[in-house]
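Observations on the three-dimensional arrangement
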Amino acid sequence: AASSQLFLRHQQGQWQMEAPLESKTAKAAVELELGRVLDLEVQEFLSLQDHGLLGEISGRITLNDPSSQEILLIGRKEGDFYFAKREGYSAVFRLKDPFLENLGTLADRLRDRQVLSFVPENLSRVSLAFGPQKLWLQRVENESGQPPAGWRLASSAQSKSGTWPV
């Protein structure tokens, strides 16, 4: 779903989407798109003054670090180019980049698509239920400090229980 605002926060080595919705993000996707933002280059410097070239602001890219903030204002589109300028500066320039065409769908591309996120080694039990069928897997532990012996299968249906190596 397209959104008018995307807000990402980097904390403790993780990227978290805070708007348009709170969501985990796919680290590789965030780093790829952030790289595209940092790779944006001016195609042509137009004027030291805006003179209406920018037009209505259609987008804003804001980068924050602990000591500064950079804001790129994206204005109207003309052909394959966007008029843009840095906030606080009067010079207008043109950008041409496919990244800008897809800003509206960026939130969907950055969301973590993994439904469940557990470290398999930390799991102790798995329950699966669909309709009347129920199945449980219970980790069988060995002596302290030893790898798990395997998983024990239990079911409410007529299946055999047993222990298998992992």
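It should be emphasised that the depicted structure is a prediction, and the values quoted were computed from it without experimental measurement. Chains are numbered independently. Their residues run from 1 in the order of the written sequence. Totals for whole chains, interfaces and linings use all residues, but because this is a predicted model, local features are given only for residues with pLDDT of at least 70 and pairs of side-chain atoms are given and counted only at 80 or more. Side-chain calculation: all heavy atoms of the structure are included, whereas hydrogens and water are not.

What to know about the overall build of the protein
Just so we agree on the cut-off: Strands here are runs of E lasting at least two residues and helices are runs of H or I lasting at least four, both read from the DSSP assignment and numbered beginning at the N terminus. What makes two residues a contact is simply this: any of their non-hydrogen atoms within 4.5 Å. Using the Shrake-Rupley algorithm and a 1.4 Å probe, accessible areas are obtained, with residue cover drawn only from the displayed protein chains.
What the protein contains, in helices and strands, is 3 helices and 12 strands. Taking as baseline every contact in the protein between residues at least 6 positions apart, the subset at least 24 positions apart corresponds to 34%. Accessible area for the protein stands at about 12000 Å²; split by element, carbon and sulfur atoms hold 52% of it.

Notes on the confidence of the model for the protein
Parts of the model with low pLDDT should not have their predicted coordinates read in detail. Stated precisely, the cut-off is as follows: The pLDDT value tells you how sure the predictor is about a given residue, anywhere from 0 up to 100.
For the protein, mean pLDDT is 80; residues scoring 70 or higher make up 87% of the total. Model confidence for the protein, summarised as mean pLDDT per element, is weakest for strand β12 (residues 162–164) at 47 and strongest for strand β7 (residues 81–86) at 91.

Some remarks on the sheet that holds strand β1 (residues 7–11)
The line we're drawing: Here, a strand pair is defined by DSSP locating no fewer than two bridges between the strands.
Strands sit in the order β1-β2-β3 across an open sheet of 3 strands; the sheet is antiparallel. Every other strand in the sheet has two partners, leaving β1 and β3 (23–24) as the edge strands with one partner each. As paired elements, strand β2 (residues 14–19) and β3 share 2 bridges and run antiparallel to each other. Note on β3: the bridge partner recorded for Q16 is K24.

Description of the nonpolar core
Here is the rule we go by: Buried Ala, Val, Leu, Ile, Met, Phe, Trp, Tyr and Cys residues that are joined via side-chain atoms within 4.5 Å together make up what is termed a nonpolar core. Buried means the residue's accessible area, taken with a 1.4 Å probe over protein chains only, is under 20% of the maximum for its type, while exposed means over 50%, and partly exposed covers the values in between.
I61, L72, F99 and L100 are the most contacted members of the largest nonpolar core, which totals 18 residues. Once residues within four sequence positions are removed from consideration, L72 is found in contact with L40, G59, R60, I61, A84, K85, R86, F93 and L95. Counting residues in hydrophobic clusters, the runner-up holds 5 residues, among them L54, L73, F83 and V92.

Re the layout of surface pockets
Note the cut-off: Using a 1 Å grid laid over the protein atoms alone, points where a 1.4 Å probe fits but cannot get out form a cavity; open sets with protein on both sides within 12 Å along at least 5 of 7 lines form a pocket; any residue with an atom within 4 Å of a point counts as lining. Grid points are joined across faces, edges and corners, and a volume is the space filled by probe spheres set on the points.
One number sums up the size of the largest pocket: a volume of about 1100 Å³. L6, F7, R60, I61 and T62 are, among the 31 residues lining the largest pocket, the residues nearest its centre. Mapped by element, the contributors of at least two residues to the lining of the largest pocket are β1, α1 (27–38), β5 (59–65), α2 (98–101) and α3 (106–110). In terms of residues, the lining of the largest pocket owes the most to one element, β5, which gives 6 residues. There is about 250 Å³ of room inside the second largest pocket. If you go around the second largest pocket, the residues you meet are V37, L40, E41, V42, I61, L63, E70, I71, L72, R86, F93 and L95.

Here we look at the pattern of salt bridges
Put simply, the test is: What makes a salt bridge here is a side-chain nitrogen of Lys or Arg within 4 Å of a carboxyl oxygen of Asp or Glu, nothing more.
Applying the stated criterion across every chain yields a total of 8 salt bridges. Across the pair E44 and R94 runs a salt bridge whose closest N-O atoms are separated by 2.8 Å. Placement of E44 in strand β4 (residues 42–47) and of R94 in strand β8 (residues 92–95) is noted, with a sequence separation of 50 residues between them. Judged by its relative accessible area of 18%, R94 falls in the buried class. E70 is the salt-bridge partner of R86, the closest N and O atoms lying 2.8 Å from each other. Residue R86 is found in strand β7, and its partner E70 is found in strand β6 (residues 68–78); the two are separated by 16 residues along the sequence.

A short note on the environment of L63
As for its placement among the helices and strands, L63 is situated in strand β5. Residue classification places L63 among the partly exposed positions, given a relative accessible area of 29%. Put simply, L63 and L38 are 25 residues apart on the chain and 9.7 Å apart in space, counted from C-alpha to C-alpha. Discounting residues that sit within four places of it in the chain, L63 has contacts with L34, V37, L38, S68, Q69 and E70.

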